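Spelled out, the chains give:
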Amino acid sequence: MNESRPTSMSAFWMPFTNNRDFKADPRLLVSAEGMYYKDVDGNSVLDGTAGLWCVPCGHAQPRITQAVSEMVGQLDFAPTFQMGHPAAFDLAEQLMEYTGHKFGHVFYTNSGSEAVDTALKMALAYHRARGEGGRTRLIGRERGYHGVGFGGLSVGGIGNNRKSFGPLLPGVDHLPHTHNLLKNAFSRGEPDFGADLADELERLVTLHDASTIAAVIVEPVSGSTGVLVPPKGYLKRLREICDKHGILLIFDEVITGFGRLCTPFASDYFGVEPDMMTTAKGLTNGVVPMGAVFSKRFIHDAFMEAPAGIELFHGYTYSGHPLACAASLATLEVFREQGIIENARSVQPYFEDALHALRGLPHVIDLRSIGLVAGIELEPIAGKPGARAYSAFKKAFADGILIRVTGDIIALSPPLILDKQHIDELFGKLANVLKHLD
């Protein structure tokens, strides 16, 4: 791999990036191992974000890289339309075991965005298969992020992601978000106030009628909008209302899945089982793109009652790609053999205390945490939303730590292999950045 600066950076239109600002002063990563990246100048950068929430087991895990290397030499590609390969079926069985057999089936995609659009299509087709084809309405939530497909954008609730792309899907409504700085600032874990906001779903049922609503989709913890933790009892109340009205409940666990809350999934942490669950990111430790939809058996079985033939006209060329399956199988092995979640649990209290020690630093108006994910909300600069946090991001990188910002919120989600020394480095350097912010 080339570890020198590229001769030109003009051709690459970068995603979710201020392209002009970046290319004027680029931040280029050339290698990674364990908890650290190395940049093009040879500087070590502590990964405080697990890449993009997607490297729970740390970088360059030997077992994963070996598995992918072996598979690319054995089976570089195999179609899964009317065909198959053993790794796809082996992985499906292991994933069902990893969920504690709370789900019965898995459908492979290539990203979280594709997993969300797949789950939404499954929900619509499920009701149609049962003779309730009038259930076409989808309910998302304000400040929700569900990827960048048209389905995910439609149920998502982040304004900047939606405003350039027209009316999106019809028949979509949104629950209010649960973030309340006045009553829940500086919470550890689930905040006390706001469970009653789940009752807004009853209002939408009254407005639209339950017979028109197919599914509700929420992130158990909203990640990309700034680590919004649900109030105590909120998700359980959503589950109760969905059950009452025959509405499917979908958890988007693309970020929270695979150990982020120190449990296999957020559904385990909160004790609430959705009907479907979307995953990606940590599924392969970020090594090969892959997503998946976990489905309860009753959803799958409704399709199997149709006349013989293709039951669901949906899928992707790379669904269940051999390299992705190899990476995911090895990732599950690393989780088991190296005690990844057990390590996360052991350091979580220290991580939480280090976060809340930032209280009182300049511009910090909220700190919130759950598992090994943290949000640091900064007071915006008047007339320049997002500018203060973006400045913190650039200063942090220059000081050797990688953080993620969304608006004026800093989000931290380090690899789950971190230890107390990494936590001290991450929060020590971040505290210094915050002390010197304009």
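Please refer to the structure placed before this passage.
Quick look at the structure, then.

Cut-offs used in this document
Sequence order sets the numbering: in each chain, residues are counted from 1 along the sequence as written. Whole-chain, interface and lining totals are the exception, using all residues; otherwise, since this is a predicted model, local features are given only for residues with pLDDT of at least 70 and side-chain atom pairs are given and counted only at 80 or more. Note: side-chain values were computed over all heavy atoms of the structure, leaving out hydrogens and water. When two rings of Phe, Tyr or Trp (its six-membered ring) have centres within 6.5 Å they constitute a pair, described as stacked for plane angles under 30 degrees, edge-to-face for angles over 60, and tilted for the intermediate range. Runs of E in the DSSP output that reach at least two residues are strands. Runs of H or I that reach at least four are helices, and both are numbered from the N terminus. Burial classes follow relative accessibility: with a 1.4 Å probe on protein chains only, a residue under 20% of its type's maximum area counts as buried, one over 50% as exposed, and anything between as partly exposed. An expected span of 1.5 Å times one less than the residue number is assigned to each helix. For two strands to be treated as a pair, DSSP must find at least two bridges joining them. Note on geometry: axes are C-alpha line fits, over the in-contact stretch for helices, and angles between N-to-C directions span 0 to 180 degrees. Only heavy atoms enter the contact rule, under which two residues are in contact if any of them lie within 4.5 Å.

Notes on the packing of aromatic side chains
Both the distance between ring centres and the angle between the ring planes are used here to describe each pair of aromatic rings.
Then comes step 1: Following the criterion strictly, the structure yields eleven aromatic pairs and no others.
Then comes step 2: Taking the centre distance of 6.1 Å and the plane angle of 65 degrees together, the rings of Tyr98 and Phe335 count as edge-to-face. Linking Tyr98 in helix H4 (residues 86-98) with Phe335 in helix H13 (residues 322-338), this pair joins segments that are 237 residues apart in sequence.
Then comes step 3: Its relative accessible area of 4% is what places Phe335 among the buried residues.
Then comes step 4: Plain terms: the ring middles of Tyr269 and Phe270 are 4.9 Å apart, the flat faces sit at 70 degrees to each other, and that makes the pair edge-to-face.
Then comes step 5: Since its relative accessible area comes to 33%, Tyr269 is described here as partly exposed.
Then comes step 6: Under the relative-accessibility criterion, Phe270 is labelled buried at 9%.
Then comes step 7: Counting every residue linked through ring pairs, the aromatic cluster contains Tyr98, Phe103, Phe258, Phe265, Phe294 and Phe335.

A look at H13
Each full turn of the α-helix corresponds to 3.6 residues, which orients residues three or four apart in the same direction.
Then comes step 1: Spanning 17 residues, H13 covers 24 Å between terminal C-alpha atoms, matching the ideal 24 Å at 1.5 Å per step.
Then comes step 2: In terms of burial, H13 is a largely internal element, 14 of the 17 residues being buried.
Then comes step 3: One or two positions beyond H13, positive phi appears at Gly339, with a value near 60 degrees.

A look at the sheet that holds strand E8 (residues 248-252)
Then comes step 1: Across the sheet, which stays open at both edges, the seven strands sit in the order E4-E10-E9-E8-E7-E5-E6 with mixed pairing between neighbours. At either end of the open sheet lies a strand with only one pairing partner, and these are strand E4 (105-109) and strand E6 (172-175). Sheet twist, expressed as the mean angle between neighbouring strand axes with direction ignored, is 20 degrees.
Then comes step 2: Seen against the sheet, helix H5 (residues 112-129) touches E4, strand E5 (137-141), strand E7 (213-218), E8, strand E9 (276-279) and strand E10 (291-295) and runs at an angle of roughly 160 degrees to E9.
Then comes step 3: Along the sheet, helix H10 (residues 234-245) makes contact with E5, E6, E7 and E8, crossing E8 at roughly 150 degrees.

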